[in-house]
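Spelled out, the chains give:
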Amino acid sequence: MAKKILFINQEISPYVPDTHLSLMGRKLPQNMQEHGHEIRTFMPKWGNINERRGQLHEVIRLSGMNLIINDTDHPLIIKVASIQSARVQVYFIDNDEYFIKRQMATNEQGEDYADNGERAIFFARGVLETVKKLRWVPDIIHCQGWMSGVVPFYIKTAYKDEPSFCNTKVVTSLFTKSITKDFGDNFKDCLSFRDATPELLTSYNDKFDFEELGKLAIDYSDGVIEAEQEVNDMLLNYANDKKVPLLRYPGEDFGDAYRAFYDEIFKE
């Protein structure tokens, strides 16, 4: 049965350099679309993306909302472009402070940005608010990359009663690409939004790092995928221990395995 699938990607080739994560960001939506599923695809508008070369343009009707994070208003800018060879349209989440004047997860010296946690929160909420504006109801949300790690938590708490998401299943793909710094002392407070309350986070470490964020994503996902080899063993074991449905790495020819996994998740 054809499904509506929302892909929330950290990276998508060709807008950023080729990695396993960015290539899956392109190939997976393309594969699902070619097999009859209806898709929407989002990624951050990282500062190293060449807007002119990628032919990005702002979608005025979707932009203009302010998201309050860490007691500060952050304007949400939505841009769009198309990967012609894949026939895939990509929506970009942008903001002057969090993305335009930055590189990706690390600065020019190769150091993680101290506010990467806030950037992930802004990205997650920006995607979900935009999907609401599109009046498009996904059957499945597939998160790829740590940058989308707070999405499952929000879907199952802050957005659980939203018509766009109340029946949505969430799948998280685990990749090797990680971060080295934690998100600082106030990440839990910044994450708080509507029913996504700090009380729900008491079982996690006060300082969120890559593994703690992965645990949060797993806890609120309906399924987890080992998206490449040599994924963090602790997170794979955590998913097993929590008895979350887990698809082990299916190899490069992933399409049939992913579609079967979607069907399994959707029936539960």
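Residues numbered from 1 in each chain as written. Predicted model: local features only at pLDDT ≥ 70, side-chain atom pairs only at ≥ 80, totals over all residues. Heavy atoms only, no water.

> Could you give me a rundown of the overall build of the chain, with the residues and numbers involved?
The helix and strand inventory of the chain stands at 9 helices and 11 strands. What you see for the chain is a C-alpha radius of gyration of 17 Å, in line with the 18 Å of a compact globule of 268 residues. Structurally, the chain occupies a C-alpha span of about 45 × 40 × 40 Å along its principal axes. Burial analysis of the chain (268 residues in total) assigns 57% to the buried set. Considering only residue pairs separated by 6 or more positions, the chain has 69% of its internal contacts joining residues 24 or more positions apart. Total accessible area on the chain is roughly 11,800 Å²; 44% of this is exposed by carbon and sulfur atoms. If the 32 positive side-chain charges of the chain are averaged to one point and the 42 negative ones to another, these points end up 6 Å apart. (Helix = DSSP H or I, 4+ residues; strand = E, 2+ residues; numbered from the N terminus. Rg over C-alpha atoms; globule rule 2.2 N^0.38 Å. Buried < 20%, exposed > 50% of the residue type's maximum accessible area, 1.4 Å probe, protein only. Contact = heavy atoms within 4.5 Å. Areas by Shrake-Rupley, 256 points an atom, 1.4 Å probe, with all protein chains shown as cover. Lys, Arg positive; Asp, Glu negative; His and termini not counted. Charge placed at Lys NZ, Arg CZ, Asp CG, Glu CD.)

> Describe the pattern of salt bridges, listing the residues and the values that go with them.
Any two side chains of opposite charge can pair, given that their charged atoms come close. According to the stated counting rule, one finds 20 salt bridges in the structure shown. The partner of Arg 102 in a salt bridge is Asp 115, with the nearest N and O atoms 2.7 Å apart. Pair noted here: Arg 102 is in the loop between helix H3 (96–100) and helix H4 (116–134) and Asp 115 is in the loop between H3 and H4, with a separation of 13 residues, a long-range link. Overall, the relative accessible area of 16% leaves Asp 115 in the buried class. Two residues, Arg 194 and Glu 129, come together in a salt bridge whose shortest N-O distance is 3.9 Å. Taken together, the residues span a long stretch of sequence, with Arg 194 in the loop between helix H6 (187–191) and helix H7 (210–219) and Glu 129 in helix H4 at a distance of 65 residues. Judged by relative accessible area, which is 42%, Arg 194 ranks as partly exposed. If you follow the salt bridges from partner to partner, you end up with Lys 45, Glu 51, Lys 79 and Asp 94 in one network. (Salt bridge = Lys/Arg side-chain N within 4 Å of Asp/Glu carboxyl O.)

> Account for the side chain of Ser 63, with residues named and values stated.
In this fold, Ser 63 is placed in the loop between strand S3 (57–58) and strand S4 (66–69). From its side chain, Ser 63 meets the backbone nitrogen of Ile 78 in a polar contact 2.9 Å long. Aside from chain neighbours lying at most four places away, what touches Ser 63 is Glu 58, Leu 76, Ile 77, Ile 78 and Lys 133. (Polar contact = N/O pair within 3.5 Å; in protein donor to acceptor, adjacent residues only side chain to side chain.)

> I'd like to hear about the sheet that holds strand S11 (residues 246–247), residue by residue, with values.
The pairing of strands in a sheet happens through backbone hydrogen bonds and is either parallel or antiparallel. Strand order across the open sheet formed by 9 strands is S3-S6-S7-S2-S1-S8-S9-S10-S11, with mixed pairing between neighbours. With partners counted over all chains shown, the strands left at the sheet margins are S3 and S11, one partner each. In the sheet, strand S9 (residues 169–174) pairs with strand S10 (residues 223–226) via 4 bridges, with the strands oriented parallel. Directly across from Val 171, in S10, lies its bridge partner Gly 223. (Pairing = 2+ DSSP bridges.)

> Which residues make up the confidence of the model for the chain, and what values go with them?
Counting all residues, the mean pLDDT for the chain is 93, and 100% of those residues have values of 70 or more. Confidence scores differ between elements of the chain, with helix H2 (residues 51–54) showing the lowest mean pLDDT of 88 and helix H5 (residues 151–156) the highest of 98. (pLDDT = per-residue confidence, 0-100.)

> Could you give me a rundown of the packing of helix H1 (residues 20–34) against helix H9 (residues 255–267), with the residues and numbers involved?
Between H1 and H9, the least distance of the axes is 11 Å, while the angle of their chain directions is 70°. As summarised for this structure, H1 and H9 are arranged roughly perpendicular, according to the angle between their axes. Crossing angle aside, the handedness with which H1 passes H9 is right-handed. Contact residues: H1 offers Met 24, Leu 28, Asn 31 and Met 32, while H9 offers Gly 255, Tyr 258, Arg 259 and Tyr 262. (Axes fitted to C-alpha atoms, helices over the stretch in contact; angles between N-to-C directions. Parallel < 35°, antiparallel > 145°, perpendicular 65-115°, else oblique. Left-handed = near helix turned anticlockwise from the far one by under 90°.)

> Give me the pairing of strand S2 (residues 38–44): which residues, what numbers.
For S2, the tally of buried residues reaches 5 of 7 residues, placing the bulk of the element in the interior. Alignment of strand S1 (residues 4–9) against S2, held across 5 bridges, turns out to be parallel. In the strand pairing of S2, Leu 6 is matched with Arg 40. Handedness of the β-α-β unit built from S1, H1 and S2 comes out right-handed. Bridge analysis of S2 against strand S7 (residues 88–94) gives 3 bridges, and the strand direction is parallel. Bridge pairing in S7 places Met 43 opposite Phe 92. (Right-handed = clockwise from strand over helix to strand, strands pointing away.)

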